[in-house]
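# Tertiary structure, described
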Amino acid sequence: MLLPIDPPDVRRADLIRVAGDREWEQWTSVPGPVLESVTGADAKALVRLVSELPDAGMMRCYHPVYALRVHGAEGVLFEIAFCFRCHNALGFAGAAQTTLEGFDPDSPAGQELRRRFRAADPNAAGREPAS
């Protein structure tokens, strides 16, 4: 998956539960509470995990449940909202949507990323939350 920065630029990563309005075409940032923030090597490992997501065919639903917001020394570097059902990821750099890409949620990187989100989400209870 294409990312706008390299892991050395990463200072913090926020795991987010997408909430509110599902009109994602209007977003300038991903809405929702931060479930967990990680810093240093843990944040860089999450970015590497996203960079390892293989491309896959995109479907149509796009109802993201989780997102990653990545911070550098100067503020937010990028955000990506993931829909594990339709295999789409919407990226933001600054206040502009940049990409809608397909990814393989069943790949080892996809499974680990979903596991990390679920582990941080008290509402997940071992299953994918309703979109």
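Before any of the text, the structure's been laid out above.
Report on the accompanying structure. What you see as residue numbers is a count from 1 along each chain, following the sequence as written. Owing to the predicted nature of the model, reporting of local features is limited to residues with pLDDT of at least 70; listing and counting of side-chain atom pairs is limited to 80 or more, with chain, interface and lining totals taken over all residues. To get the side-chain values, take all heavy atoms of the structure and skip hydrogens and water.

Pairs can form between side chains of opposite charge whenever their charged atoms are close. Salt bridge, as applied in this entry: a Lys or Arg side-chain nitrogen positioned within 4 Å of an Asp or Glu carboxyl oxygen. Tallied over the entire structure, the rule returns 4 salt bridges. For the salt bridge of Arg-17 with Asp-121, the shortest nitrogen-to-oxygen distance reads 3.0 Å. Of the two residues, Arg-17 is situated in strand β1 (residues 12-17) and Asp-121 in the segment after α2 (108-120); the sequence distance between them amounts to 104 residues. Note on Arg-17: relative accessible area 16%, which makes it buried. In this structure, the salt-bridge partner of Arg-69 is Glu-79, at a minimum N-O distance of 3.0 Å. With Arg-69 in strand β3 (residues 66-72) and Glu-79 in strand β4 (residues 75-83), this pair connects stretches of sequence that are 10 residues apart. In this description a helix means any DSSP run of H or I spanning at least four residues, a strand means any run of E spanning at least two, and both kinds are numbered starting from the N terminus. Categorising residues by exposure relies on relative accessible area from a 1.4 Å probe, with only protein chains included: less than 20% of the type maximum marks a residue as buried, more than 50% marks it as exposed, and the intermediate range marks it as partly exposed.

Let us now look at the environment of Lys-44. Positionally, Lys-44 belongs in helix α1 (residues 40-51). Note on Lys-44: relative accessible area 24%, which makes it partly exposed. Distance in space between the C-alpha atoms of Lys-44 and Arg-11 is 7.6 Å, their sequence separation being 33 residues.

A few words on the pairing of strand β5 (residues 88-93). For β5, a buried count of 5 out of 6 residues is recorded, marking the element as mostly surrounded by other parts of the structure. We call two strands paired when DSSP finds no fewer than two bridges between them. Bridge count between β4 and β5: 5 bridges; the pairing is antiparallel. The residue bridging Cys-83 from the neighbouring strand is Asn-88, located in β5. Between β4 and β5, which pair antiparallel one after the other, the connecting turn spans 4 residues, and His-87 there sits at a positive phi close to 70°.

Each aromatic pair joins two rings of Phe, Tyr and Trp (for Trp, the six-membered one) with centres within 6.5 Å, and gets the label stacked for planes under 30 degrees apart, edge-to-face for over 60, and tilted for any other angle. Following the criterion strictly, the structure yields 7 aromatic pairs and no others. Consider the rings of Phe-84 and Phe-117, whose centres lie 6.4 Å apart with planes at 70°: the pair is edge-to-face. Here Phe-117 lies in helix α2 and Phe-84 lies in the loop between β4 and β5, a separation of 33 residues in the sequence. Here Phe-117 falls in the buried class, since its relative accessible area comes to 0%.

This part is about α2. Here, expected helix span is obtained from the residue count minus one, scaled by 1.5 Å. The end-to-end C-alpha separation of α2 is 19 Å, in line with the 18 Å expected for 13 residues at 1.5 Å each. Within α2, burial applies to Ala-109, Gly-110, Leu-113, Arg-114, Arg-116, Phe-117 and Ala-120. What you see down the axis of α2 is that its buried residues fit within an arc of 155°, all on one side. Away from the buried face of α2 by more than 90 degrees, exposed residues Pro-108 and Ala-119 are located. Residue contacts are counted whenever heavy atoms from the two residues lie within 4.5 Å of one another. On its buried side, α2 packs onto β1, β2 (34-39), α1, β3 and β4. The arc refers to the directions leading from the helix axis to the C-beta atoms.

Only the contacting stretch of a helix is used when fitting its axis, a line to C-alpha atoms as for every element, and angles between N-to-C directions run 0 to 180 degrees. Contact geometry for α1 and α2: axes closest at 9 Å, N-to-C directions at 140°. Taken as axis vectors, α1 and α2 run oblique relative to one another. The element α1 and its partner α2 pack so that their crossing is left-handed. Residues Leu-46, Leu-49 and Val-50 of α1 lie in contact with α2, whose contacting residues are Ala-109, Glu-112, Leu-113 and Arg-116. In the contact of α1 with α2, the residues fall into 5 nonpolar, no polar and 2 charged. Any angle from 65 to 115 degrees is called roughly perpendicular, while one under 35 is roughly parallel, one over 145 is roughly antiparallel, and all others are oblique. Here is the rule for handedness: rotate from the far helix to the near one, and if that takes an anticlockwise turn smaller than a right angle the crossing is left-handed, while a clockwise turn gives right-handed. Throughout this entry, Asp, Glu, Lys and Arg are counted as charged residues, while Ala, Val, Leu, Ile, Met, Phe, Trp, Tyr, Cys and Pro are counted as nonpolar. The remaining residues, Gly among them, count as polar.

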